[in-house]
Amino acid sequence: MSSPFSMNLFTVFILLLLGSSYAQLSTDFYSKSCPNVFSAVRAAVQSAIAREKRIGASLLRLHFHDCFVNGCDGSILLDDIGSFIGEKNALPNRNSARGFDVVDNIKSAVERVCPGVVSCADALTIAARDSVVILGGPTWNVKLGRRDARTASQSAANTNIPPPTSNLPNLISSFQAQGLSARDMVALSGAHTIGLARCTSFRNRIYNETNIAATFARTRQGNCPRTPGTGDNNLAPLDLQTPTTFDNNYYKNLIVQSGLLHSDQQLFNGGSTDFQVRSYSNNPSTFNADFVAAMIKMGDIRPLTGSNGEIRRNCRRTN
Ligand code: HEM
Ligand SMILES: *[C@@H]1O[C@H](CO)[C@@H](O)[C@H](O)[C@H]1NC(C)=O
């Protein structure tokens, strides 16, 4: 006999499931509450890139560094304020992560069209997609519905975001720890088709490594002095051919031993991922398809949904 009591228990169970573990992101999350979110973000990203092309790369990287630390929850955007310690001064971010002022502009534009509705985490996800598209890469529908964290973790940022000194097994395991495969890792690394790196991130490679093209090493040495502490912040393009265009040249560089970072060249160094680098270097549409699939997977990392977290008014601080 199905008593009202067992019925209620069942209903409660289903509601709990829906409310927590089964809360899902969706592409139409704001279709009623903020249909103009896409045009607002897009215009702000477009004008930022018109001022400085590199900013597209910086926004894409912020989304990556957000997602790898307790999920895509806007945690990287929180400032260190008083006793609150955020992620901006974690090693992978300090003197390196940038674009926070542009995220503020994007959030302001979104607040103007629908106040209090769109999370910073979602705005950053859309901005990362728009950056790729504006710089000539593929497009896709972003999944939305993330909410913003009230916490951040400097230590998790230090632990979870792989350093440029990583070897191939390190890279594979740090992506595996986020539920991403080795194949996803190689595809997402194609993001290094845009943007710049500091001398301190590649100095050891251009002076000490042997799996590097000699002319390329010499070129990079020209603006990155050997002595640590000198010219540490001098910049060089991650993709020596087309640093402001999203294409597959990153992989072509790897094949001729012209990856800038030690970690880049690890993807083509006689190991298990060589075949994938070759495939992407010959076939931009395969790269684009895999990059899109992996970006969607990365955007799905442990989001706060439902009534967890909050919709931050200011991306730099909790409400
Ligand atoms: C595979 C492991 C990865 C490592 C070890 C790595 C490491 C780095 C390093 C060291 C820099 C230069 C930072 C500096 O010198 O200031 C950099 C820049 C960059 N990274 Fe990665 N990265 C990885 C994966 C990714 C992924 C998955 C994305 C995005 C999907 C990404 C996007 C970028 C972009 C766009 C830049 C240039 C940023 C700018 O110019 O402001 N990276 N990365
Ligand atoms: C090259 O390697 C040596 C030995 O590990 C190290 O002491 C030196 O700092 C490295 N040089 C650069 C420019 O990183």
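Residues numbered from 1 in each chain as written. Chains lettered and ligands numbered in written order. Predicted model: local features only at pLDDT ≥ 70, side-chain atom pairs only at ≥ 80, totals over all residues. Heavy atoms only, no water.

A. Quick look at the site of ligand 1. Close contacts around ligand 1 come from 25 residues, with S58, S96, H192, R198 and S201 the closest. A distance of 2.7 Å separates an oxygen atom of ligand 1 from a polar atom in the side chain of S58. Within the side chain of S201, a nitrogen or oxygen atom sits 2.6 Å from an oxygen atom of ligand 1. Where the shell around ligand 1 is concerned, the elements lending two or more residues are α3 (54-67), α7 (168-176), α8 (182-189) and β1 (196-198). Tallied by class, the residues present in the shell around ligand 1 amount to 14 nonpolar, 7 polar and 4 charged. Residue contributions to the shell around ligand 1 reach at least three from each of two domains, namely domain 1 (25-161) and domain 2 (168-294). (Near = heavy atom within 4 Å. Polar contact = N/O pair within 3.5 Å; in protein donor to acceptor, adjacent residues only side chain to side chain. Helix = DSSP H or I, 4+ residues; strand = E, 2+ residues; numbered from the N terminus. Nonpolar A, V, L, I, M, F, W, Y, C, P; charged D, E, K, R; others polar. Domains from an automatic or database assignment.)

B. Structural view of the UniProt feature "site: Transition state stabilizer" (unreviewed entry) in the protein chain. UniProt's entry tags R61 with the feature "site: Transition state stabilizer" (unreviewed entry), counted in the numbering of this structure. When you line up the elements, R61 lands in helix α3. Discounting chain neighbours no more than four positions away, the residues touching R61 are P92, S96 and A97. (UniProt positions renumbered as here; feature names shortened; annotations may be inferred. Contact = heavy atoms within 4.5 Å.)

C. Spatial organisation of the environment of F100. The topology assignment puts F100 in helix α4 (residues 100-113). Judged by relative accessible area, F100 falls into the buried class, the value being 12%. In the structure, F100 is positioned 199 residues away from G299 in sequence and 19 Å away in space, judged by C-alpha atoms. (Buried < 20%, exposed > 50% of the residue type's maximum accessible area, 1.4 Å probe, protein only.)

D. Representation of the domain arrangement of the protein chain. On domain assignment, one finds that the protein chain holds domain 1 (25-161) and domain 2 (168-294). In this structure, domain 1 and domain 2 have C-alpha centres spaced 23 Å apart. Taken together, the 19 residues of domain 1 in the interface contact 16 residues of domain 2. Carbon and sulfur atoms supply 69% of the area buried between domain 1 and domain 2, which totals about 1400 Å² over both sides. Where domain 1 meets domain 2, there are 0 salt bridges. Taken together, the connections running from domain 1 to domain 2 amount to 2 residue pairs in polar contact (both at pLDDT 80 or more). (Buried area = accessible area lost by both parts, 1.4 Å probe. Salt bridge = Lys/Arg side-chain N within 4 Å of Asp/Glu carboxyl O.)

E. Expanded view of the state of the cysteines. Tallied over the full model, the rule gives 4 disulfides. The disulfide that involves C199 links it to C224, with 2.0 Å between the sulfurs. Residues C199 and C224 are joined through a disulfide that is right-handed, its torsion about the S-S bond being 75°. Placement of the pair is C199 in helix α9 (residues 199-208) and C224 in the loop between α10 (214-221) and β2 (235-237), with a sequence separation of 25 residues. Given the relative accessible area of 1%, C224 is considered buried. (Disulfide = S-S within 2.5 Å.)

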